[in-house]
Amino acid sequence: MTLLEVKAVAKHFGAVQVLNGVDLTIEAGTVTGLVGDNGAGKSTLMKTITGLYGTDGGEIRFDGKPMTGLNPGQRRALGIEMIYQDLALARQQDVAANIFLGREPVKWAFGILPGFVDKAKMDADARKMIDRLGARIPSIHRPVGMFSGGQQQTVAIARALTFNPKLVIMDEPTAALAVREVESVLKLIRQMRDEGIAVILISHRLNDVFEVTDRIVVLRQGRIEADLQTGKTQMREVVGYIVGAH
Amino acid sequence: MTAIDTAGRGDAWRRLQFFFDSKVHVRLESLIVLALLCVAMTVLSPYFLSVSNFLNILLATSTIGVLAIGATLILSSAGLDLSLGSVLGLSGVAGAYLSVELEWPWFMAIIGALGSGALAGYINGQLITRTRIPAFIVTLGMLGIARGVALIIAPNGGAIYGLPDIVVYLGQGRPFGVPTPVVILVLTALIAHYVLAYSRFGMHTLAMGDNEGAARATGIPVERLRRELYAISGLLAGLAGLIFMARVNAGDPTAGYTYELTAITATIIGGTSLFGGRGSILGALVGALIMGVLQNGLNLLAVQSYYQQIAIGAVLIIAVYIDQLQSERERKS
Amino acid sequence: MTKLKTVLLASVLIAFGSAAAAADKPIYGVLMKTLANPFWGAMEQGVKAGAKAAGVEYYLQAVESDQAAEPQLNTCNTMLEKKPAVMITAAINSTILLPCLKRANEMKIPVVDLDNNLDPKVTKDAGVNIAFHIGSNNETAGAQGADYVAKKVGKDAKGPVLVIEGLSGNITGQRRAKGFAEELKKVAPGLEVVASLPGDWDRGKAANITNDILTKYPDLKVIFAANDGMALGAVETVFAANKGKQVTIVGVDGNSDAVKSIKAGRLTASVAQLPYLVGKQAVENVKKVVAGGKVDEVIYVPTLVLTKDVLEKGTEPMLKYVK
Ligand SMILES: Nc1ncnc2c1ncn2[C@@H]1O[C@H](COP(=O)(O)OP(=O)(O)OP(=O)(O)O)[C@@H](O)[C@H]1O
Ligand SMILES: [Mg+2]
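Residues numbered from 1 in each chain as written. Chains lettered and ligands numbered in written order. Predicted model: local features only at pLDDT ≥ 70, side-chain atom pairs only at ≥ 80, totals over all residues. Heavy atoms only, no water.

*Asks:* An account of the coordination of the magnesium ion (ligand 2) is requested, with residue identities and associated values reported.
*Replies:* Residues and elements named next belong to chain A. Donor atoms from the polypeptide that bind the magnesium ion (ligand 2) are S43 (OG) and Q85 (OE1), placed at 1.9 to 2.2 Å. Within this pair, whereas S43 is found in helix α1 (residues 42–50), its partner Q85 is found in the loop between β6 (80–83) and α3 (95–99), the two being separated by 42 residues in sequence. Looking at Q85, the relative accessible area reads 47%, which means it is partly exposed. (Donors = N, O, S within 2.8 Å, 3.2 Å for Na, K, Ca; no water. Helix = DSSP H or I, 4+ residues; strand = E, 2+ residues; numbered from the N terminus. Buried < 20%, exposed > 50% of the residue type's maximum accessible area, 1.4 Å probe, protein only.)

Here you go:
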């Protein structure tokens, strides 16, 4: 079942044309690796999908619905989550606040005042999510800025998974992680696929990409250079497409 | 200061700090500074320790306290509002103009003061979010504009004297022995505290101040939030203007001159970050009280003006230094 | 802005008009700080009346605010191009106009220091010759406040006195406070200044100070504030504490809101400055100088104590100069 459809999407920043008519379809329950050189436009493409950037041309459909005009919050509500490379966490807020950012459960304070955050529920759910990820975090009441890079990444992943997403985009989720943590992220990705979630994994670590994806898409200078079945290609071929040797 | 320098002190202390930070939402350090100051003043002046003097201090803190609430909300979001003091002056003049010069009914003094404050804040927010001019510049511009408009409205640049009795009651009345401005301050602070610490609005404000990109990416409408914050800040400046006007029974176009700096100072002393992401309304109130107690003590001791300036400057630096000690530790741990 | 433009336009018109109408009449140049303030407005009226009485023409210029020092120097230089018979200047600070005034000296144009903004010592050092300095004496104004207090509460009265100073370091406020304190010691030694604190020209701050001092001295007898705004802040606090009958409160300036408060029986008195009279006497005296006469180097224009009595009777001859 086609979950996401990107058609002829273009995007420029000032004089720089970053995306030149990108076409891409993503099926539910699959893991797609998105690779390409630094500056190829991977993060930019993903941000047009999450609604952080508008597009100059083309169309994006999710679950058959056009995404044009929807803001990031509305797209999240439809099931698009992304773990950003550069826009990670609010460092001075605690774990629960970060996981529930923008989606805090509310209750009536003193039974009369609306819009108050149900902190007890947030804390409980946050703890459950962290436990489910099998992560070790000193205390969920600490500002996340005090955590290690890997622990912070866990919090970002927890945020993406808490609201039953249909599509999870991971932009360099393993870059800051130790071997053991990388393993658990890869395990998590497989687990998501088994639950029917579509995953897009952006990574420069091709070993990880080969290990966990069903399909590898190469982006080069804002164009899709290649679209390969992971089982039917090899590292050398992918690298060739990345550097433009084909 | 050795009593407070606890680097290497045991876990119990740290747990206490954490309790105050996260449950009381006031830094333990600020409370200690306030307590030490009170002890010092009690020793130095026999007139300091009394209920009526305490009410004096609260009354003297009321305008700055209300402004500091606005400053806390804005600084928490990594913004800046330099127009607070001028908008205070404008609101008082606007309220007095409507009720005294135009002889409209008394409640127009209140509506005029609050409305003109909110309007100034609304304009700040619109300009900041629509033109992308930095808040520093926009609110600095509003600092000049609001003061200028106040001077134009006031006849010959003088004050508008003699407000309706009901309005004066808001500044000079004492329901159950407590000055009305103190009641207004406490109620406003409680509401603002719950909003900042426990509402979605507050959490989004802190997240935006912490990492605007992350906040936007999670779907928080940061521009709208920013506009709302500046409008609220203006409204609070209007409320402070109303209190000031009622206390002195006049709309004074020079009122609130440089108050924004005092309010921001109180906010910083209370543990709110100048760079956003961390803010405490109750802390700002403690900060304002530290300055109020100091000023009250200096007056009771009849300290001369130059020495007052030195004392105020010194306490400011010490108070923020003590707060810094804690952040330093956090970074290390 | 439009106000400013009107003023500039008007002065230009006056200048042209008068030059054309009365080429033989001497023309006096008058340079003020600003006109966006009742004090300077009243002074301008005085200049006008003085010029009329003396049969001279004048043209008047001002800058946009009393902080615009450099623009004032530029304006001063431009005015000299018209070769006025005299220059009457209210300098924004004690040094900014000196180059222009020196040039006026060289052109043999007598210079008058309006409102005592120049320091005679500084002008002498700079080699600038001032025909005379004229304005009200802030120390005397303070002393007059003290004299009035002694008369009001009795010279044998005893009790605590609070002085609220102006902005810390501001010379005008300092002189008023000093004049008051020194005179009070002489005329009513039983009254003791228990605190002299900076009110920063801020009525809110003055209200706070009054509250604090009332805590320590519930029997407070007198408050003297270095301007009316602060005095009125003190008045509101005193009345809110139900001590309106007990405390005598005196301010300085004679502002219209102070007059209202005095008439309402709240503020006890205000030592009014008479800018109208300053302007008028400046023109009258400079006419003498031009005619070759001698005047005092420093001329102090009297200040007037406004009380409910004085205002209600309305017989005080100087009252007509309160604008
Ligand atoms: N907000 C922006 N404003 C201007 N230029 C931008 C912006 N974001 C990205 N770019 C430019 O767009 C191009 C693509 O950037 P993008 O971040 O999408 O690359 P990437 O494929 O994610 O690279 P990397 O592997 O290094 O993360 C780069 O040339 C970058 O400089
Ligand atoms: Mg990238």
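That was the structure; now back to the text.
*Asks:* With reference to specific residues and values, describe the nonpolar core.
*Replies:* Residue and element names in this part refer to chain C. Membership of the largest hydrophobic core comes to 133 residues, with the highest contact counts inside it found for M32, I88, L114, L162 and I223. For this core, the two domains that each supply at least three residues are domain 1 (3–135 + 274–302) and domain 2 (138–272). Leave out the neighbours within four places in its chain, and I88 touches Y28, G29, V30, L31, V112, L114, V283 and V286. (Core = buried A, V, L, I, M, F, W, Y, C linked by side-chain atoms within 4.5 Å. Domains from an automatic or database assignment. Contact = heavy atoms within 4.5 Å.)

*Asks:* Describe the pattern of salt bridges, listing the residues and the values that go with them.
*Replies:* Residue and element names in this part refer to chain B. Scanning the entire structure with this criterion turns up 33 salt bridges over all chains. Note that E223 is salt-bridged to R216, the shortest N-O span being 3.1 Å. Note on R216: relative accessible area 29%, which makes it partly exposed. (Salt bridge = Lys/Arg side-chain N within 4 Å of Asp/Glu carboxyl O.)

*Asks:* Any chance you could break down the sheet that holds strand β2 (residues 16–27) of chain A for me, citing the residues and the numbers?
*Replies:* All names here are of chain A. Taken in spatial order, the four strands line up as β2-β1-β4-β5 in an open sheet, and their pairing is antiparallel. In this open sheet, the two strands that pair with only one neighbour each are β2 and β5 (65–66). Sheet analysis places strand β1 (residues 2–13) next to β2, joined by nine bridges and oriented antiparallel. Across the sheet, the residue bridging to H12 is Q17, located in β2. (Pairing = 2+ DSSP bridges.)

*Asks:* Outline the interface of chain B and chain C, listing residues and values.
*Replies:* Taken residue by residue, the interface counts 29 residues in chain B and 31 residues in chain C. Counting each side, the surface lost to burial between chain B and chain C is near 2,600 Å², with a carbon and sulfur contribution of 49%. Viewed at the interface, chain C and chain B are joined by one salt bridge. The shortest N-O distance in the salt bridge between C:R203 and B:D252 comes to 2.7 Å. The tally of links between chain B and chain C comes to 15 residue pairs in polar contact (both at pLDDT 80 or more). (Buried area = accessible area lost by both parts, 1.4 Å probe. Polar contact = N/O pair within 3.5 Å; in protein donor to acceptor, adjacent residues only side chain to side chain.)

*Asks:* Now, about the site of ligand 1: what can you tell me, with residues and values included?
*Replies:* All names here are of chain A. Taken together, 13 residues are adjacent to ligand 1, and N38, G39, K42, S43 and T44 come closest. Interatomic distance of 2.7 Å between a side-chain N/O atom of K42 and an oxygen atom of ligand 1. Measuring from an oxygen atom of ligand 1, one finds a side-chain N or O atom of H204 at 2.9 Å. In the complex, the protein chains occlude 63% of the 630 Å² of accessible area that ligand 1 would expose alone. When residues in the shell around ligand 1 are grouped by element, the largest group, three residues, is from α1. Here the residues of the shell around ligand 1 sort into four nonpolar, seven polar and two charged. (Near = heavy atom within 4 Å. Areas by Shrake-Rupley, 256 points an atom, 1.4 Å probe, with all protein chains shown as cover. Nonpolar A, V, L, I, M, F, W, Y, C, P; charged D, E, K, R; others polar.)

*Asks:* Go over the packing of aromatic side chains, please, and point to the residues and values.
*Replies:* Going through the model one piece at a time under the given rule, you end up with ten aromatic pairs over all chains. Summarising the aromatic geometry, the rings of C:F180 and C:F224 are spaced 4.2 Å apart at their centres and angled 5 degrees between planes, so their arrangement reads as stacked. Placement of the pair is C:F180 in helix α7 (residues 171–187) and C:F224 in strand β8 (residues 222–225), with a sequence separation of 44 residues. Classification of C:F224 as buried rests on a relative accessible area of 0%. Grouping aromatic residues by their ring pairs yields a cluster made of A:F116, B:Y194 and B:Y198. Just above the ring of C:Y59 sits the side chain of C:K82; from NZ or CZ to the centre is 4.3 Å. A cation over an aromatic ring shows up here: C:R266 above the ring of C:F239, its NZ or CZ 4.6 Å from the ring centre. (Phe/Tyr/Trp six-rings, centres within 6.5 Å; stacked < 30°, edge-to-face > 60°. Lys NZ or Arg CZ within 6 Å of the ring centre and 35° of its normal.)

Bear in mind that shape data such as this cannot, by itself, settle questions of function.
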